[in-house]
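Listed below, chain by chain, are the residues.
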Amino acid sequence: MLNNRNILLGITGGIAAYKAVDLAGKLTKMGAKIKTIMTQNACEFVSPLTLRSITHQPVITKMFDLNSEIEHISLADWADIIVIAPATANIIGKVASGIADDILSTTIMASTAPVFFVPAMNGHMYVNPIVKANINKLTELGYFFMEPEAGMLACGYEGKGRYPKNREILYFLLTFLEYKRDLTGKTILITAGASQEKIDPIRFISNRSSGKMGLALARAAHIRGAKVKFIHSNINDEVPEYLDSYQTNDAKEMYDTVMKESSKAETIIMVAAVADYAPAQYSKQKIKKSDDLILNFKKTKDILYDLGKKKKTGQMLIGFAAESEKIKQNALMKLKKKNLDFICANDLKVTGKDDTKILLLSSKQEIELSGSKFSVAHQILDSTININKK
Ligand code: CTP
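Reading the values: the criteria
Residues numbered from 1 in each chain as written. Predicted model: local features only at pLDDT ≥ 70, side-chain atom pairs only at ≥ 80, totals over all residues. Heavy atoms only, no water. Domains from an automatic or database assignment. Contact = heavy atoms within 4.5 Å. Buried area = accessible area lost by both parts, 1.4 Å probe. Salt bridge = Lys/Arg side-chain N within 4 Å of Asp/Glu carboxyl O. Polar contact = N/O pair within 3.5 Å; in protein donor to acceptor, adjacent residues only side chain to side chain. Helix = DSSP H or I, 4+ residues; strand = E, 2+ residues; numbered from the N terminus. Pairing = 2+ DSSP bridges. Axes fitted to C-alpha atoms, helices over the stretch in contact; angles between N-to-C directions. Near = heavy atom within 4 Å. Areas by Shrake-Rupley, 256 points an atom, 1.4 Å probe, with all protein chains shown as cover.

A. Molecular detail of the domain arrangement of the chain. Split by domain assignment, the chain resolves into domain 1 (6-176) and domain 2 (187-389). Each of domain 1 and domain 2 was reduced to a C-alpha centroid, and the two centroids are 37 Å apart. If you look at the interface, domain 1 gives 11 residues, while domain 2 gives 11 residues. The contact between domain 1 and domain 2 buries some 930 Å² in all, and 59% of this surface belongs to carbon and sulfur atoms. Looking at the side of domain 1 facing domain 2, the largest losses of area belong to Y171, F172 and T175, adding up to 47% of the total buried there. Along the contact surface separating domain 1 from domain 2 lie 3 salt bridges. Of the charged contacts in the structure, one is a salt bridge between D237 and R167, with a shortest N-O distance of 3.1 Å. Joining domain 1 to domain 2, the criterion identifies 6 residue pairs in polar contact (both at pLDDT 80 or more). For the side of domain 1 that touches domain 2, the elements supplying multiple residues, two or more each, are β7 (149-152) and α9 (166-178).

And the structure:
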């Protein structure tokens, strides 16, 4: 949550300005105090009154407003973070060049708070070498940029320049306010979801898994700077574009993909509910209903067990164990049998929910973690990969 956080929202003049209204609403609902600065061009797209009504806080549009008691220095000092969403090529260029000629650019210049840009613009503009050079320069200076999405743009072009989903912006902000980019340089492979083993063209067997926990871990690790390889199977959620993701269907495909990608990963977190059995034979034609159907199943390969057998020095293996009984005892058995460094044990009752409770076990430790899956994901990363930094 964002209780008592002061967020200065800068809105610049692009069509995505209307999406910043929803962002302001979401941040306000999460408990943050939002003061907004709108450039003159932004006011062409949305009304300052809209922002004022949503945030219940001042909206500043002019540098010299005799009716306003707020001026740029006090705003600059007040902010815990400055979020520019959407950020046009113009504001990025101004900040990169040290230009302070309006209330927004002057406030950014006068603040020591972290600045988070959400660029949104025409695709050709985004790849323009001048814009690229400005973004690179600011990134080196410690400003943060979220990558725009690719797709159909409001101007009618296809390209990379779309304003990202507000939900994803929130995950970035929640992380930035608590963590540094402390996983930079690490490569982490994360699996999620449930494999589906086909019986015929319409039927399959699978496990119950929403994929939310694995996705939360992938997001959290990516935002903290890690290079994430996200291998998933039938998850009930949209995979963010910023993740390097691989879609798989059955246990064999997941096995092959994990084995191919695992050598470069220092840490592997197997969250996926991989089917333990697959039909011994696949029927190309739909099996017609007659009497009771008897199927034969063959055992699938255990990915984590095989990874454990060939674990390299320095590689960290983390497993999950969803259990319906004797949770700790069963999880500890899997920790040992699969040669894991950590195992996250949970009760099957949390499957599909947004909140979770996990017992994180190693040969030496036992830690209880609870909260939203995103917050638990951060806690898992803290207690495993970043344990030495605490
Ligand atoms: N796992 C795997 N490959 C499989 C089955 C499981 O890599 N074929 C991984 C899961 O991703 C998880 C861990 O092993 O991280 C434990 O999975 P779980 O299903 O709880 O345990 P199993 O070893 O399959 O044992 P059981 O089903 O008897 O509880």
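B. Structural context of the sheet that holds strand β19 (residues 355-361). Read from one edge to the other, the open sheet built from 8 strands follows the order β13-β12-β9-β14-β17-β18-β19-β20, with strand pairing classed as mixed. Across the chains shown, the open sheet's two edge strands, defined by having one partner strand only, are β13 (244-247) and β20 (366-372). Averaged over all neighbouring strand pairs, the angle between strand axes comes to 20 degrees, with direction disregarded. Pairing of strand β9 (residues 187-193) with strand β14 (residues 267-270) involves 4 bridges; the strand directions are parallel. What sits directly across from I190, in β14, is I269. Lying over the sheet, helix α10 (residues 212-223) contacts β9, β12 (227-233), β14, β17 (316-323) and β19, oriented at roughly 155 degrees with respect to β9. Here helix α13 (residues 327-337) sits on the sheet in contact with β17, β18 (342-347), β19 and β20, set at roughly 150 degrees to β18.

C. Region of the structure containing the site of the ligand. Taken together, 16 residues form the shell around the ligand, and within it M270, A272, L304, K334 and K338 come nearest. Within the side chain of D302, a nitrogen or oxygen atom sits 3.4 Å from a nitrogen atom of the ligand. Separating an oxygen atom of the ligand from a backbone N or O atom of F320 is a distance of 2.9 Å. Contact with the protein chains hides 77% of the accessible area of the ligand, taken as 570 Å² for the molecule alone.

D. Layout of the sheet that holds strand β3 (residues 59-60). Read from one edge to the other, the open sheet built from 6 strands follows the order β3-β2-β1-β4-β5-β6, with strand pairing classed as parallel. Here the strands that pair on one side only, and so sit at the sheet edges, are β3 and β6 (144-145). Note: strand β2 (residues 33-38) against β3, 2 bridges, orientation parallel. When the sheet's bridge partners are listed, T36 is paired in β3 with V59.

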